[in-house]
Amino acid sequence: MMKAKIAVLVSGGGTNLQALIDAQKSGIIKSGEISLVISNKPDAYALTRAQNANIKTLVIEKKDNANFEDDIINALEENNIDLIVLAGFMCILSEKFTSRFAERILNVHPSLIPSFCGEGFYGLRVHKAALEYGVKVTGATVHFVNEIPDGGKIILQKAVEILDGDTPEVLQKRVMEQAEWKILPEATEMVAKEICKEW
Ligand code: GAR
């Protein structure tokens, strides 16, 4: 069976990338194959995780690069990518980019959208905002990416409890373990399976 070719875009530690790699090994992801990892940061540990799993890596920096998005698009096309997964990718993509890959880009966000999302809400900031607001439940969301930051159609969500004494770091870890690392691979398989059906 032909598998959907997946590119994962990263910027940092890459624990969500690791969850995808592990899910591919364990068979949770079976309709797709991670064939490229692109980082906008040359020192992202995610690159090491990809190399350890024998996945091709590319660094495309945004800084001082007027062709950032075009460089990514070219890399995706050269590698015949069918599905793009943003896994801790800390750049907002333009409408030109997102419309070219409509319903073919997934993102994982560490809150229950529409809370604590949109421009400026990324990484630990999201958990800080949730704790400051005082919500008792947060979680993670996997959604399609369109021109509105964190505004595309929701694919999966999972709720996570907030506990007394949580710090942003403690909460981030719980949201990753209980939600992100589960729903990102699940949603990736769901969309990859749909892509295969269209062939
Ligand atoms: C994850 O919590 C991810 O949901 C979040 O950054 C972290 C990356 O960790 N993404 C965003 O905030 C995007 N708006 P990782 O590099 O270990 O996967």
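Provided above is the structure to which this section pertains.
Residues numbered from 1 in each chain as written. Predicted model: local features only at pLDDT ≥ 70, side-chain atom pairs only at ≥ 80, totals over all residues. Heavy atoms only, no water.

K.L.:
When you look at the layout of surface pockets in this model, what are you seeing that I'm missing?
P.N.:
To locate leftover empty space, one rolls a probe as large as a water molecule over the atoms. Put simply, the largest pocket is a space of about 710 Å³. Lining the largest pocket are 35 residues, with Gly88, Phe89, Met90, Asn107 and Tyr122 positioned closest to its centre. At the level of elements, α1 (15-26), β5 (105-109) and α6 (168-198) are the ones that each hand at least two residues to the lining of the largest pocket. In terms of residue class, the lining of the largest pocket is made up of 16 nonpolar, 16 polar and three charged. Taken as a whole, the second largest pocket spans an internal volume of roughly 240 Å³. Lining the second largest pocket are 14 residues, and of these Phe144, Ile155, Met190, Val191 and Glu194 lie nearest its centre. (1 Å grid on protein atoms, 1.4 Å probe; cavity = no way out; pocket = protein on both sides within 12 Å on 5 of 7 lines; lining within 4 Å. Points joined across faces, edges and corners; volume = space filled by probe spheres on them. Helix = DSSP H or I, 4+ residues; strand = E, 2+ residues; numbered from the N terminus. Nonpolar A, V, L, I, M, F, W, Y, C, P; charged D, E, K, R; others polar.)

K.L.:
Can you help me understand the site of the ligand in this one?
P.N.:
Looking at the ligand, there are 14 residues lining it, with Gly14, Thr15, Asn16, Gly123 and Glu180 nearest. For the ligand, a nitrogen atom lies 3.4 Å from a polar atom in the side chain of His109. For the ligand, the protein covers 92% of the area, taking 450 Å² as the surface of the free molecule. Residues that form the shell around the ligand fall into these classes: six nonpolar, seven polar and one charged. (Near = heavy atom within 4 Å. Polar contact = N/O pair within 3.5 Å; in protein donor to acceptor, adjacent residues only side chain to side chain. Areas by Shrake-Rupley, 256 points an atom, 1.4 Å probe, with all protein chains shown as cover.)

K.L.:
Would you mind showing me how to read the side chain of Thr141 here?
P.N.:
Mapping Thr141 onto the fold places it in strand β6 (residues 137-144). According to the relative accessible area criterion, Thr141 is buried, its value standing at 0%. When neighbours within four sequence positions are excluded, Thr141 is seen to be in contact with Asn107, Val108, His109, Ser111, Leu112, Ile113, Ile154, Leu156, Gln157 and Ile183. (Buried < 20%, exposed > 50% of the residue type's maximum accessible area, 1.4 Å probe, protein only. Contact = heavy atoms within 4.5 Å.)

K.L.:
Just to check I follow, could you spell out the sheet that holds strand β3 (residues 57-59) for this structure?
P.N.:
The strands making up a sheet are joined through hydrogen bonds of the backbone, oriented either antiparallel or parallel. Pairing within the open sheet is mixed, and its seven strands lie in the order β3-β2-β1-β4-β5-β6-β7. Every other strand in the sheet has two partners, leaving β3 and β7 (154-161) as the edge strands with one partner each. Each neighbouring strand pair of the sheet contributes to a mean axis angle of 20 degrees, computed without reference to strand direction. Sheet analysis places β6 next to β7, joined by seven bridges and oriented antiparallel. Paired with Ala140 across the two strands is Lys158, which belongs to β7. (Pairing = 2+ DSSP bridges. Axes fitted to C-alpha atoms, helices over the stretch in contact; angles between N-to-C directions.)

K.L.:
Where do I start with the packing of aromatic side chains in this structure?
P.N.:
Two numbers describe a pair of aromatic rings. These are the distance of the centres and the angle of the planes. On inspection of all chains with the given rule, the structure shows three aromatic pairs. Judged by centre distance (6.5 Å) and plane angle (15 degrees), the ring pair of Phe68 and Phe89 falls under stacked. Of this pair, Phe68 sits in helix α3 (residues 68-78) while Phe89 sits in the loop between β4 (83-86) and α4 (95-100); the two residues are 21 residues apart in sequence, bridging distant segments of the chain. On the basis of relative accessible area, Phe89 is assigned to the buried category, the value being 7%. Each ring, one from Phe97 and one from Phe101, has its centre 5.3 Å from the other, and the planes form 45 degrees; the classification is tilted. (Phe/Tyr/Trp six-rings, centres within 6.5 Å; stacked < 30°, edge-to-face > 60°.)

K.L.:
What is the right way to read the packing of helix α5 (residues 124-133) against α6 from this model?
P.N.:
Each pair of packed helices can be described by the angle between their axes along with the distance between the axes. Closest axis-to-axis distance for the α5/α6 pair is 9 Å, and the angle between their directions is 110 degrees. With respect to α6, the element α5 is oriented roughly perpendicular. Where α5 approaches α6, its residues Leu124, His127, Lys128 and Leu131 are matched on the opposing element by Pro168, Glu169, Leu171, Gln172 and Val175. Looking at side-chain class alone, the contact of α5 with α6 contains five nonpolar, two polar and two charged residues. (Parallel < 35°, antiparallel > 145°, perpendicular 65-115°, else oblique.)

K.L.:
Would you mind going over the pattern of salt bridges with me for this structure?
P.N.:
Under the definition given, this model contains six salt bridges. In this structure, the salt-bridge partner of Arg100 is Glu77, at a minimum N-O distance of 2.9 Å. With Arg100 in helix α4 and Glu77 in helix α3, the pair connects residues that are 23 residues apart, well separated along the chain. When the shortest N-O distance is used, the salt bridge between Asp166 and Arg174 registers 2.7 Å. The class of Asp166 is buried, set by a relative accessible area of 13%. Arg174 sits in the buried class, given a relative accessible area of 13%. (Salt bridge = Lys/Arg side-chain N within 4 Å of Asp/Glu carboxyl O.)

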